[in-house]
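# Inside the fold
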Amino acid sequence: PHPAAATTLCTSPKHAPRGVVRGSLTVENVGWAAEIAASDPDFFETLAQGQSPTVLWLGCSDRRVPAETITRSKPGDLFVHRNIVNLFSPDDDNP
């Protein structure tokens, strides 16, 4: 693969060379983790201690607007369940 491929985020897997999307996401994740650790050194240690979300967020499976972004929540603050068309039935026992 081209040397720049590992750092280029390709949003269309259909047109990307094999491995480019996965590689670029890994690179982006490493960068994100480094930025978080630099700004909040206890972030990952605190997150590893567990989470107790007090909010169940029912959302559409369309991920263009992440629940954590629009509510300004931190990881672990919300329990997010996504489904098609944001439908909810009180009789549904599906976990």
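Here the structure is a predicted model, which means the values were calculated and not measured. (Residues numbered from 1 in each chain as written. Predicted model: local features only at pLDDT ≥ 70, side-chain atom pairs only at ≥ 80, totals over all residues. Heavy atoms only, no water.)

### Some details on the overall build of the protein chain
Which entries qualify depends on this criterion: Runs of H or I in DSSP of at least four residues are treated as helices and runs of E of at least two as strands, each being numbered from the N terminus. Any pair of residues with heavy atoms lying within 4.5 Å of one another is described as a contacting pair. Surface accessibility follows the Shrake-Rupley procedure with a 1.4 Å probe radius. Residue values consider only the protein chains on display as shielding.
In terms of helices and strands, the protein chain carries three helices and two strands. Sequence-distant contacts, at least 24 apart, represent 24% of the contacts inside the protein chain between residues at least 6 apart. In the structure as shown, the protein chain presents an accessible area of about 7900 Å², 57% of it carried by carbon and sulfur atoms.

### A look at the layout of surface pockets
Here is the rule: Each cavity reported here is a set of points on a 1 Å grid over the protein atoms alone in which a 1.4 Å probe fits but cannot get out, each pocket an open set with protein on both sides within 12 Å along at least five of seven lines, and each lining residue one with an atom within 4 Å of a point. Grid points are joined across faces, edges and corners, and a volume is the space filled by probe spheres set on the points. Gly is placed with the polar residues, together with every amino acid not listed as nonpolar (Ala, Val, Leu, Ile, Met, Phe, Trp, Tyr, Cys and Pro) or charged (Asp, Glu, Lys and Arg).
Put simply, the second largest pocket is a space of about 170 Å³. If you trace the second largest pocket, you find it lined by D40, D42, F43, T46, L47, G50, Q51, K74, P75 and G76. Considering only residue class, the lining of the second largest pocket consists of three nonpolar, four polar and three charged.

### Considering unusual backbone geometry
The condition is simple: With a 1.4 Å probe rolled over the protein chains alone, any residue whose accessible area is under 20% of its type maximum counts as buried; one over 50% counts as exposed, and the rest are partly exposed.
Notably, R72 is not glycine yet its phi reads approximately 55 degrees, a positive angle. The residue R72 is located in the loop between α3 (67–71) and β2 (78–83) in this model. Relative accessible area serves as the criterion here: at 79%, R72 is assigned to the exposed category.

### Description of the packing of aromatic side chains
Counted only if it meets this: Only Phe, Tyr and Trp rings are paired, with Trp represented by its six-membered ring, and only when their centres lie within 6.5 Å; those with planes under 30 degrees apart are stacked, over 60 edge-to-face, the remainder tilted.
Here the structure, examined in full by the defined rule, presents three aromatic pairs. A ring pair is formed by W32 and F43, whose centres lie 6.3 Å apart and whose planes are at 85 degrees; its orientation type is edge-to-face. With a gap of eleven residues between them, W32 in helix α1 (residues 20–39) and F43 in helix α2 (residues 43–48) connect regions that are remote in the sequence. A relative accessible area of 39% means that W32 is categorised as partly exposed. The exposure class assigned to F43 is buried, which follows from its relative accessible area of 15%.

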